[in-house]
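Working through the structure, step by step
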Amino acid sequence: AERYRALLEKADGKTKEDVTEFVLMKQKIKKFPTGLENFFINLRSIWIFKCELEIISKEDLKPFPQLAELHLIGNKIKELPSDLFIFTPKIQTLNLSDNQIKSIRINCFYPLKIVKSIDLTGNEIVNRKAKDPQEVLTLKMELLLTECVKFVEGVVKRLENMKVKFELLNEV
């Protein structure tokens, strides 16, 4: 809280209503900063750049229903939950480049109906940028297919394990 107050004091006479963009660079944080909405009530753009951020959840984004841009670049995010953007459907630009994303849950991007670009370059699950609505749609479909394949592979593996256990039981 004190940190945000100090930022506001340096804002050249601007009020907390005037601030529409929040930028955090090279700060060591593991979780999304809390309480931003108490000091910056009209945020439309959030940049968290090289801050070692590991976790992002729908609750982190809930206070920002008007968010148009989210840039979480060069962090350590590994997974995007399926409900991540449920409270932020107005995002138009999403940049998650240079993270460690291994999993994007089914329907993660579903609430983002007006998103115009998604940058996932430099991630394990996909290394790609979609620069227009058609590319975004294609990317969403590819990610959905990837998650479906992972799900089916997991089911097959569990069935194979069950078969092995069943065969062992029959031998006894």
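Residues numbered from 1 in each chain as written. Predicted model: local features only at pLDDT ≥ 70, side-chain atom pairs only at ≥ 80, totals over all residues. Heavy atoms only, no water.

For the rest of this paragraph, the subject is the overall build of the protein. A tally of helices and strands in the protein yields four helices and eight strands. Each helix and strand of the protein, placed in order from N terminus to C terminus, yields the pattern α-β-α-β-α-β-β-β-β-β-β-α. Computed over the C-alpha atoms, the radius of gyration of the protein is 20 Å, more than 25% above the 16 Å expected from 2.2 N^0.38 for a compact globule of 172 residues. Looking at the 172 residues of the protein, the share that counts as buried comes to 35%. Nonlocal contacts in the protein, meaning residues at least 24 apart in sequence, comprise 51% of its contacts between residues at least 6 apart. (Helix = DSSP H or I, 4+ residues; strand = E, 2+ residues; numbered from the N terminus. Rg over C-alpha atoms; globule rule 2.2 N^0.38 Å. Buried < 20%, exposed > 50% of the residue type's maximum accessible area, 1.4 Å probe, protein only. Contact = heavy atoms within 4.5 Å.)

Pairs may arise between side chains of opposite charge once their charged atoms sit close together. This model, assessed by the stated rule, comprises nine salt bridges. Among the ionic pairs, glutamate 52 bridges to lysine 30, the shortest N-O distance being 4.0 Å. Of this pair, glutamate 52 sits in the loop between β2 (45-49) and α3 (58-61) while lysine 30 sits in the loop between β1 (21-25) and α2 (36-39), and the two are 22 residues apart along the sequence. Overall, the relative accessible area of 24% leaves glutamate 52 in the partly exposed class. For arginine 105, the salt bridge is made with glutamate 79, and the minimal N-O distance between the two is 3.0 Å. Highlighted residues: arginine 105 in the loop between β6 (103-104) and β7 (117-119) and glutamate 79 in strand β4 (residues 79-80), separated in sequence by 26 residues. For glutamate 79, a relative accessible area of 36% translates into the label partly exposed. Within the structure, one salt-bridge network assembled from shared partners comprises Lys28, Lys30, Glu52, Glu54 and Lys76. (Salt bridge = Lys/Arg side-chain N within 4 Å of Asp/Glu carboxyl O.)

Below, the discussion takes up the packing of aromatic side chains. Evaluated as defined, the whole model comprises two aromatic pairs. With a centroid separation of 5.9 Å and an interplanar angle of 20°, the aromatic rings of phenylalanine 85 and phenylalanine 109 are classed as stacked. Taken together, the positions of phenylalanine 85 in the loop between β4 and β5 (93-95) and phenylalanine 109 in the loop between β6 and β7 put the pair 24 residues apart, joining distant regions of the chain. Phenylalanine 109 gets classed as buried once you look at its relative accessible area, which sits at 5%. It is lysine 113 that lies over the ring of tyrosine 110; its NZ or CZ is 3.3 Å from the centre. (Phe/Tyr/Trp six-rings, centres within 6.5 Å; stacked < 30°, edge-to-face > 60°. Lys NZ or Arg CZ within 6 Å of the ring centre and 35° of its normal.)

Strand order in this open sheet of six strands is β1-β2-β3-β5-β7-β8, and the pairing throughout is mixed. Each having just a single partner strand, β1 and β8 (129-130) make up the two edges of the open sheet. (Pairing = 2+ DSSP bridges.)

A separate point is a nonpolar patch on the surface. A surface patch of nonpolar side chains, amounting to about 330 Å² of accessible area, comprises Ile106, Leu137, Met141 and Leu144. Among the secondary structure elements, leucine 137 is positioned in helix α4 (residues 133-171). (Patch = residues over 30% accessible without salt bridge, like charges linked within 9 Å, V, L, I, M, F, W, Y side chains within 5 Å. Areas by Shrake-Rupley, 256 points an atom, 1.4 Å probe, with all protein chains shown as cover.)

This brings us to α4. Its 39 residues place the ends of α4 57 Å apart at the C-alpha level, agreeing with the 57 Å of an ideal helix rising 1.5 Å per residue. Considered for burial, the residues of α4 that qualify are Val136, Leu139, Leu143 and Glu147. Buried residues belonging to α4 abut β6, β7 and β8. For α4, the capping residue at the N-terminal end is aspartate 132, with a side-chain oxygen 3.0 Å from the backbone nitrogen of glutamine 134. (Expected span 1.5 Å × (residues − 1). Polar contact = N/O pair within 3.5 Å; in protein donor to acceptor, adjacent residues only side chain to side chain.)

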